[in-house]
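Below, each chain spelled out in residue letters.
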Amino acid sequence: MPAAARAVRAFVAAHGREPTLLVRSPARVNLIGEHTDYNDGLCLPVAIDRELCIALRRTDDVAAGADPAAGAHLRLVSEQDPTPAVIELPPPPADTPPSARATGWTRYVQGVAVQLAASGQLAASGQPAGADLVPWQGALASDIPLGAGLSSSAALELAVAVACTHLAGSVPAPTELARLAQRAENAWVGAATGLLDQLACVGGIAGHALRIDCRTLTVTPVPLPAGLAVVVIDTGSRRELVTSAYADRRAECERAARALGVPALRDLDALSADAASRLDPVALRRARFVIAENARVDAVAEALTRGDAEAAGRLLLAGHRGIRDDFEVSGPELDAAVAAAYAAPGCFGARMTGGGFAGCAVALVDRARLEAFTETFEPAYFARTGREAVLHVCSAVAGTSVTVLPDE
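Quick caveat, the model's predicted, so the values are computed rather than measured.

The next thing to look at is unusual backbone geometry. Note the cis peptide between Leu89 and Pro90, where omega equals -5°. Tracing the sequence through the fold places Pro90 in the loop between strand S4 (81-89) and helix H2 (106-119). In this model, Ser151 sits at a positive phi of 70°, which is unusual for a non-glycine residue. Topologically, Ser151 is positioned in the loop between strand S5 (136-142) and helix H3 (152-167). What makes Ser151 buried here is its relative accessible area of 7%. Non-glycine residue Leu217 carries a positive phi angle of around 60°.

And the structure:
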């Protein structure tokens, strides 16, 4: 059953009535341009047809049966967690110490509410800034694997943000929603992510990848060739982004930029011998990767636009070698998945995708040879790792959206 139908069913089971809105928010896979977003660089993600859905209804808590003295809330139940997310309204102030914030997935919902309350994005046209969050109750269902590097957290953040702004009568620009969701993840949850995930989730275009300039926030659609399948390979391995070395990589890139006298590594097209001599070995490897990765983004976009899947695939393989050797955020399962994919029939190229260390790889595969690819890849990957991989043949879809449902 699709996530949308499961969300509606869960809402009825939890709240005893029909929802009036359905928000869908897609996962994303990044074809190339990894760890470039927080370096003001370029990336090329695709919003894919694995989605998180929230069925919801505006409510006042007295009508919902709560104690009138308890105040207003956002209540969100999830098919994946028996403990609902309950956010008091108004939400806590943005400077609330981490020890007093919600935990688990509730923290993401709370972080979005906090940022919305502080941002003025709730005000509808002609209304004063600082409008209140509207209480609502909802149910969440998702087809996005958790912790796999497909931006399940960004999908949740954008779904909550769109639900809240829609109920408030506000329609912020996609870039503003993406910035708000990023602030929730950076400042409230504590994950030092760039803007790639949120922009891809909210700004997806059916049939296209998105060339994103993370400095200017310019988004350029890049058509995906007919007959080319984007295959996401879930390796079965998992990592915890907030506690991983992700933040260390960001700090290392910033250290390299300072040593080279530039605002960000985006400002460099190459490393001269003199520049390289000013960097310690770790910073040198990080800078070398980011500079090369930015160039690969444009090269892959150009290859896809002219329908040259073989050239795009070769660039994905080069990107994987760079992120493995120079940026050092791959992992054994990811390396095994890339090797097994590229050796399989019909594969033009593959690389790890996402924050790294574990999770998913992405492969570009001739759609006409998908069956042969799958039949060869699955046993080869198991032989290398002892793990079963899950393959998702994906389509590029539109970004986060809201649908009004018939009322009871």
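A word on the pattern of salt bridges. Summed over the entire model, instances satisfying the criterion amount to 22 salt bridges. The closest approach of N and O atoms between Glu293 and Arg296, which form a salt bridge, is 2.8 Å. On the criterion of helical spacing, the pair formed by Glu293 and Arg296 is a turn pair, its members being three residues apart in helix H8 (residues 281-305). The exposure class of Arg296 is buried, given its relative accessible area of 12%. Taken together, the salt bridges that share partners define one network made up of Glu34, Glu293, Arg296 and Arg351.

Now for the sheet that holds strand S9 (residues 347-352). Across the sheet, which stays open at both edges, the four strands sit in the order S9-S10-S8-S11 with antiparallel pairing between neighbours. The open sheet has two edge strands, S9 and strand S11 (390-394), and neither has a second partner. In this sheet, neighbouring strand axes are inclined to one another by 20° on average, regardless of whether the strands run parallel or antiparallel. Two elements, S9 and strand S10 (residues 360-366), share five bridges in a ladder whose sense is antiparallel. Across the sheet, the residue bridging to Ala350 is Ala363, located in S10.

As paired strands, strand S3 (residues 72-78) and S4 are joined by six bridges and run antiparallel to one another. In the strand pairing of S4, Leu74 is matched with Ile87. Hairpin geometry of S3 and S4 is characterised by an intervening segment of two residues between the two adjacent antiparallel strands. Taken together, the five bridges between S3 and S5 define a ladder with parallel strand orientation. Considered in S5, the bridge of Arg75 is made with Gln137.

Applying the stated rule across the entire model yields three aromatic pairs. Relative to Phe327, the ring of Phe289 lies with its centre 5.0 Å away and its plane at 45°, an arrangement referred to as tilted. Remark: Phe327 occurs in the loop between helix H9 (309-325) and helix H10 (332-343) and Phe289 occurs in helix H8; sequence separation between them is 38 residues. With respect to burial, Phe289 and Phe327 carry one shared label: buried. With 5.7 Å between their ring centres and 10° between their planes, Phe377 and Tyr381 make a pair best called stacked. Of this pair, Phe377 and Tyr381 both sit in helix H11 (residues 370-385), four residues apart, which is roughly one turn of that helix. With respect to burial, Phe377 and Tyr381 carry one shared label: buried. Site record: aromatic cluster; members linked through ring pairs are Phe373, Phe377 and Tyr381.

Rules used throughout
- Residues numbered from 1 in each chain as written.
- Predicted model: local features only at pLDDT ≥ 70, side-chain atom pairs only at ≥ 80, totals over all residues.
- Heavy atoms only, no water.
- Helix = DSSP H or I, 4+ residues; strand = E, 2+ residues; numbered from the N terminus.
- Buried < 20%, exposed > 50% of the residue type's maximum accessible area, 1.4 Å probe, protein only.
- Salt bridge = Lys/Arg side-chain N within 4 Å of Asp/Glu carboxyl O.
- Pairing = 2+ DSSP bridges.
- Axes fitted to C-alpha atoms, helices over the stretch in contact; angles between N-to-C directions.
- Phe/Tyr/Trp six-rings, centres within 6.5 Å; stacked < 30°, edge-to-face > 60°.

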